[in-house]
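Remarks on the overall topology
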Amino acid sequence: MNFQIEEILLELIQGDITDQKDIEAVVNAANAQLKIGGGVAGAIHRAAGPELEKACRNLAPINPGEAVITEAFQLPNQYVIHTLGPVYGRDKPEADILGRCYKNSLKLAAANRIKSIAFPAISTGAFGYPTEEAAEVSIRTVKEMASELKNIKIIRFVLYNKDDLRTFESQANKILTQ
Ligand code: AR6
């Protein structure tokens, strides 16, 4: 499902974040040490190869809400933007921190003249953030940021399963069309 927010095309799809060949920057739901880990971080590091972890060494650790950028090595993209989401129930206020993950990733993309960026549903896996709440924060933040993002033409949310896609679609419908 697609939505237009000012000059930006927002796409919601079901898929794998490591398989976004037409996208310049993919976002990693990272851990503080920017190491391999599980979920998205594991998939991104495996697909990018060991050079990615080397490139991350000098940038770690990062705090919840922060974002850093590296090359993408063997991934079919130019850049990886690594952000650390909040652990639900521990890092508070959660919505504020999750919002900053998206804000800082988008700012970093804009500063690097990136035209297309793909996000996974940050914090909704190992970090336990309920998908519906996370979808609301994610879509609202993109909407709020849209006017500041001069170069970005495509923002894509890549949801791993059908239920998560439906949840993001229903939040986007509420927030962007009403
Ligand atoms: N492509 C797209 N989405 C995916 C993929 C994939 N290949 N794999 C999982 N997801 P998570 P977090 C979904 O756990 O909650 C790691 O171990 C998944 O279904 O990757 O921010 C790190 O090392 C879920 O909806 O990220 C950190 O320690 C969403 O992506 C910690 O987990 C995020 O799940 C970060 O936890």
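Looking at an unreviewed UniProt entry, one finds the protein chain named O-acetyl-ADP-ribose deacetylase (Regulator of RNase III), contains Macro domain, with Halanaerobium kushneri as its source organism.

**Concerning the overall build of the protein chain**
Broken down by element type, the protein chain carries five helices and seven strands. In terms of C-alpha radius of gyration, the protein chain reaches 15 Å, essentially the compact-globule figure of 16 Å for 178 residues. Here the protein chain holds 178 residues, and 48% of them are scored as buried. For the protein chain, the computed accessible surface area is about 8,400 Å², with 47% contributed by carbon and sulfur atoms. For the protein chain, the centre of its 20 positive side-chain charges and the centre of its 22 negative side-chain charges are spaced 2 Å apart.

**Structural notes on the packing of aromatic side chains**
Overall, the coordinates contain five aromatic pairs when judged by the stated rule. Aromatic side chains Phe-157 and Phe-168 sit 5.3 Å apart centroid to centroid with 45° between the ring planes, which places their arrangement in the tilted category. Of this pair, Phe-157 sits in strand β7 (residues 154-159) while Phe-168 is found in helix α5 (residues 162-177), placing the two residues eleven residues apart along the sequence. Comparing Phe-157 with Phe-168 shows no difference in burial state: the two are buried.

**A short note on the environment of Asn-151**
Along the polypeptide, Asn-151 turns up in the loop between α4 (131-145) and β7. C-alpha of Asn-151 to C-alpha of Lys-115: the two residues are 36 residues apart in sequence and 5.5 Å apart in space. Of note is the side chain of Asn-151, whose polar atom sits 3.4 Å from the backbone oxygen of Ala-110.

**Observations concerning the UniProt feature "domain: Macro" (unreviewed entry) in the protein chain**
When the UniProt feature table is mapped to this numbering, "domain: Macro" (unreviewed entry) covers residues 1-176. Within residues 1-176, the helical portion is 37% and the strand portion 20%, while the C-alpha atoms at the span's ends are 12 Å from each other.

**A word on the site of the ligand**
Taken together, 21 residues form the shell around the ligand, and within it Asn-31, Gly-38, Val-40, Ser-123 and Thr-124 come nearest. The contact in question runs from an oxygen atom of the ligand to an N or O atom on the backbone of Phe-127, over 3.1 Å. In this structure, the ligand is accommodated by the largest pocket. With four residues, the single largest contributor to the shell around the ligand is helix α1 (residues 39-48). Counted by class, the shell around the ligand contains eleven nonpolar, eight polar and two charged residues.

**Let's talk about the pairing of strand β6 (residues 116-119)**
Judged by which residues are buried, β6 turns out to be covered on both faces: Ser-116 and Ala-118 on one side and Ile-117 and Phe-119 on the other are all buried. Sheet analysis places β6 next to β7, joined by four bridges and oriented parallel. Residue pairing across strands places Phe-119 opposite Phe-157, the latter belonging to β7. Chirality of the crossover, the property in question, places the unit of β6, α4 and β7 among those that are right-handed.

**Considering the layout of surface pockets**
The volume enclosed by the largest pocket comes to roughly 570 Å³. Lining of the largest pocket is provided by 26 residues; of these, Ala-29, Gly-39, Val-40, Gly-125 and Ala-126 occupy positions nearest its centre. Contributing elements (two or more residues each) for the lining of the largest pocket: α1 and β7. It is α1 that provides the largest number of residues to the lining of the largest pocket, a total of five residues.

How each quantity is defined
Residues numbered from 1 in each chain as written. Predicted model: local features only at pLDDT ≥ 70, side-chain atom pairs only at ≥ 80, totals over all residues. Heavy atoms only, no water. Helix = DSSP H or I, 4+ residues; strand = E, 2+ residues; numbered from the N terminus. Rg over C-alpha atoms; globule rule 2.2 N^0.38 Å. Buried < 20%, exposed > 50% of the residue type's maximum accessible area, 1.4 Å probe, protein only. Areas by Shrake-Rupley, 256 points an atom, 1.4 Å probe, with all protein chains shown as cover. Lys, Arg positive; Asp, Glu negative; His and termini not counted. Charge placed at Lys NZ, Arg CZ, Asp CG, Glu CD. Phe/Tyr/Trp six-rings, centres within 6.5 Å; stacked < 30°, edge-to-face > 60°. Polar contact = N/O pair within 3.5 Å; in protein donor to acceptor, adjacent residues only side chain to side chain. UniProt positions renumbered as here; feature names shortened; annotations may be inferred. Near = heavy atom within 4 Å. 1 Å grid on protein atoms, 1.4 Å probe; cavity = no way out; pocket = protein on both sides within 12 Å on 5 of 7 lines; lining within 4 Å. Sits in = over half its atoms within 2 Å of the grid points. Nonpolar A, V, L, I, M, F, W, Y, C, P; charged D, E, K, R; others polar. Pairing = 2+ DSSP bridges. Right-handed = clockwise from strand over helix to strand, strands pointing away. Points joined across faces, edges and corners; volume = space filled by probe spheres on them.

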